[in-house]
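Reading the structure
Residues per chain are reported as follows:
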Amino acid sequence: MRDDLGLTGTKLACGEGHCGACTVQLDGVPTLSCITLVHTVGDREVTTIEGLHDHPLIHAFVRTDAVQCGFCTPGQIVSAAALVKANAAPTHDEIQHAMSGNLCRCGTYPKIEEAISTWRD
Ligand code: FES
Ligand code: FES
């Protein structure tokens with residue numbers, strides 16, 4: 001995606017399925033692209049952060065200062081977008097569970113949760 005398609009919003013960090021920086025959606029399901037072989041994708045729709053550029057979560061992350069270095073942010077937003085599509089008003093526990101695969105080295109977890117809790121504001 002990054003090298004051949006120029007879609008550099010998706011980040012590569014651990015490359016081993018541990019951090020969530022590379023998260024994309026396959027048919028709306030958050031998926032770790034670094035450990036997903038292309039031939040297993042089939043005809044499922046791939047949504048990267050570029051495909052979510054108009055999503056209100058983008059503004060919510062900025063408004064709540066949920067972006068520090070920003071490296072984890074595309075993956076965070078891709079996962080959060082799938083969550084709020086299925087559940088527009090997730091609880092604290094639901095946010096924690098849905099976002100548990102996305103690590104943030106800057107530790108902005110409270111702000112990330114605030115952004116997701118207030119994404120429609
Ligand atoms: S780059 Fe860390 S899970 Fe894919
Ligand atoms: S904002 Fe820096 S890793 Fe999350």
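Residues numbered from 1 in each chain as written. Chains lettered and ligands numbered in written order. Predicted model: local features only at pLDDT ≥ 70, side-chain atom pairs only at ≥ 80, totals over all residues. Heavy atoms only, no water.

**Observations concerning helix α4 (residues 109-117)**
- Restricting attention to buried positions, one finds in α4 the residues I112, E113, A115 and I116. Axial view of α4: buried residues confined to an arc of 160°, hence all on one face.
- Contacts made by the buried residues of α4 are with α1 (56-63), α2 (73-86) and α3 (92-98). (Buried < 20%, exposed > 50% of the residue type's maximum accessible area, 1.4 Å probe, protein only. Helix = DSSP H or I, 4+ residues; strand = E, 2+ residues; numbered from the N terminus. Arc of directions from axis to C-beta. Contact = heavy atoms within 4.5 Å.)

**Focus on the environment of L12**
- Within the secondary structure, L12 is located in the segment before β1 (23-26).
- Ignoring any residue separated from it by four or fewer positions in sequence, one finds L12 in contact with C34 and F71.

**Looking at the sheet that holds strand β2 (residues 29-32)**
- Spatial strand order, β2-β1-β3: 3 strands in an open sheet with antiparallel pairing. Edge positions in the sheet fall to β2 and β3 (46-47), since each of these pairs with one other strand and no more.
- Bridge count between β1 and β3: 2 bridges; the pairing is antiparallel. Bridging from a neighbouring strand, Q25 pairs with T47 of β3.
- The sheet contacts of α2 involve β1 and β2, and relative to β1 the element is tilted by about 30°. (Pairing = 2+ DSSP bridges. Axes fitted to C-alpha atoms, helices over the stretch in contact; angles between N-to-C directions.)

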